[in-house]
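Commentary on secondary and tertiary structure
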Amino acid sequence: MPGVSFVECFGVGRRQVDGFIELARRLGQLPGAEKLHAEEGALGLQPHAPYSAGAALYAAAGQLAEARGYRLCTHLAESPAELQFVRDAAGPFARLLADLGKWDESVMKPTGLHPVEWLEPELRRGDWLVAHCNYLAQAHIQTLAACRVSVAYCPLASEYFGFPDRGRHPYRELLAHGVNVCLGTDSILCQPPGQPQPLGILPQMRRLYQRDRTDPLTLLRMATVNGLKALGMKHTLASLLPGAPARLIAVEINPQDPADLLMQALAGTTPASVVHWARVERQPFLE
């Protein structure tokens, strides 16, 4: 299955790198792991988040990714509690770590920094895909653009958790500054109950179209080629080009409706169905 499987890593405090050293050893024992590419099924590393992965763990993951060609991923700027943890070494996440017996003086000291500022040295080193980015100021957007970071926005998950406050995510500002923004889903636990395709990207597209009236072609890019770019994969895997593998879904529309077909698909509620892989033998009639 094409794509990148990210190995999620946790660890804070004095022993945060111990487990990672063992993980690196085991990854090195996988046959052919160093030859994997995203089109064949590749490995990536994902220090979970600033409140569950320390600075040394982020640095170790970045070094290993650089040495072996792994992609990198993390959760970033997701919640006010995360911002408080990085800035003040306090709040709900600090209390949780203390309750779990994971807190020591080296876990996090007050930095006065936003999570993007705290992680910026690592973001500048590798090819990062960061999830969420619900809470960003203009300066943080500019930093992400300068670091060539991709952002995975998960609309339904963000709304489930009530982030960001007032429901406004800066995805349009990120796109305007040249940041590659794609769509994600996050956990199945935070998808609406009864959703026929709870980890589908089409429901994310529909939510943004119906809520924000986001440009349909922008949503189509966020759902296809932007995601491929974020994973280091070829954009032709989501393009109708001669010889390209056609990985398609079918969405019900009304041929009698004069409205644009893509707008119909985004305004509807019918689940998508999978079209078996085929090969486009000639240039399709597309502008």
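Computed from a prediction, not measured in an experiment: that's the story for all the values here.

So, on to the state of the cysteines. Across all of its chains, the model carries 0 disulfides by this definition. Not part of a disulfide, Cys154 finds its nearest cysteine sulfur in Cys190, a span of 7.6 Å. The thiol of Cys182 is not disulfide-bonded; the next cysteine sulfur, from Cys154, is found 8.2 Å away. Looking at Cys182, the relative accessible area reads 4%, which means it is buried.

Moving on to the packing of aromatic side chains. In total, this model carries 8 aromatic pairs according to the counting rule given. A ring pair is formed by Tyr51 and Phe93, whose centres lie 3.7 Å apart and whose planes are at 0 degrees; its orientation type is stacked. With Tyr51 in the loop between β2 (42-47) and α2 (55-68) and Phe93 in helix α4 (residues 92-99), the pair connects residues that are 42 residues apart, well separated along the chain. Ring plane angle 40 degrees and centroid distance 6.0 Å describe the contact between Tyr58 and Trp128, whose orientation is recorded as tilted. Of this pair, Tyr58 sits in helix α2 while Trp128 sits in strand β4 (residues 128-132), and the two are 70 residues apart along the sequence. For Trp128, a relative accessible area of 2% translates into the label buried.

Our focus in this paragraph is the pattern of salt bridges. If you walk through the whole model with that rule in mind, you get 15 salt bridges. Ionic pairing is found between Glu120 and Arg124, a salt bridge with its closest N-O pair at 2.8 Å. Exposure remark for Glu120: the relative accessible area of 22% places this residue in the partly exposed category. Connected through shared salt-bridge partners, Glu159, Arg172, Arg207, Arg211 and Asp212 make up one network.

In this fold, Thr185 is placed in the loop between β6 (180-183) and α9 (202-212). In contact with Thr185, not counting residues within four places along its chain, are Cys154, Ala157, Cys190, Gln191, Leu199, Gly200, Ile201 and Gln204.

Burial analysis of α9 places 8 of its 11 residues in the buried class, the great majority of the element. By the burial criterion, the buried members of α9 are Leu202, Pro203, Gln204, Met205, Arg206, Leu208, Tyr209 and Asp212. Those residues of α9 that are buried lie in contact with β5 (150-153), α7 (155-161), α8 (171-176), β6, α10 (216-223) and α12 (261-267).

What follows deals with the sheet that holds β2. Ordered in space as β1-β2-β3-β4-β5-β6, the 6 strands form an open sheet in which the pairing is parallel. One side of each edge strand has no neighbouring strand; the edge strands of this open sheet are β1 (4-9) and β6. Pairwise comparison of adjacent strand axes, ignoring direction, gives a mean angle of 30 degrees for this sheet. Its contacts with the sheet place helix α1 (residues 18-29) against β1 and β2, and it is angled at close to 180 degrees to β2.

Bringing the packing of α9 against α10 into the picture now. At a minimum axis distance of 10 Å, the contact between α9 and α10 shows a crossing angle of 155 degrees. With respect to α10, the element α9 is oriented roughly antiparallel. Seen along the crossing, α9 lies across α10 with a hand that is right-handed. Taken together, the residues of α10 that come into contact with α9 (itself represented by Met205, Leu208 and Tyr209) are Pro216, Leu219, Leu220, Met222 and Ala223. Here the contact of α9 with α10 is built from residues that sort into 8 nonpolar, no polar and no charged.

Our focus in this paragraph is the pairing of β6. A regular strand places its side chains on the two faces of the sheet in alternate fashion. Residues of β6 alternate between two faces, with Asn180 and Cys182 on one and Val181 and Leu183 on the opposite face, all of them buried. With 4 bridges connecting them, β5 and β6 associate as parallel partners. Within the sheet, the bridge partner assigned to Ala152 lies in β6 and is Cys182.

Moving on: unusual backbone geometry. Omega for the peptide link from Phe163 to Pro164 comes to -10 degrees, which places this bond in the cis form. Within the secondary structure layout, Pro164 lies in the loop between α7 and α8. With a phi angle near 90 degrees, His132 is a residue other than glycine that sits in the positive phi range. We classify His132 as buried; its relative accessible area is 1%.

Moving on, we get to the layout of surface pockets. Reported here for the second largest pocket is a volume of approximately 320 Å³. Taken together, 15 residues make up the lining of the second largest pocket; nearest its centre are Gly11, Val12, Ser52, Leu97 and Lys102. Class assignment for the residues of the lining of the second largest pocket results in 7 nonpolar, 4 polar and 4 charged.

Criteria and thresholds
- Residues numbered from 1 in each chain as written.
- Predicted model: local features only at pLDDT ≥ 70, side-chain atom pairs only at ≥ 80, totals over all residues.
- Heavy atoms only, no water.
- Disulfide = S-S within 2.5 Å.
- Buried < 20%, exposed > 50% of the residue type's maximum accessible area, 1.4 Å probe, protein only.
- Phe/Tyr/Trp six-rings, centres within 6.5 Å; stacked < 30°, edge-to-face > 60°.
- Helix = DSSP H or I, 4+ residues; strand = E, 2+ residues; numbered from the N terminus.
- Salt bridge = Lys/Arg side-chain N within 4 Å of Asp/Glu carboxyl O.
- Contact = heavy atoms within 4.5 Å.
- Pairing = 2+ DSSP bridges.
- Axes fitted to C-alpha atoms, helices over the stretch in contact; angles between N-to-C directions.
- Parallel < 35°, antiparallel > 145°, perpendicular 65-115°, else oblique.
- Left-handed = near helix turned anticlockwise from the far one by under 90°.
- Nonpolar A, V, L, I, M, F, W, Y, C, P; charged D, E, K, R; others polar.
- 1 Å grid on protein atoms, 1.4 Å probe; cavity = no way out; pocket = protein on both sides within 12 Å on 5 of 7 lines; lining within 4 Å.
- Points joined across faces, edges and corners; volume = space filled by probe spheres on them.

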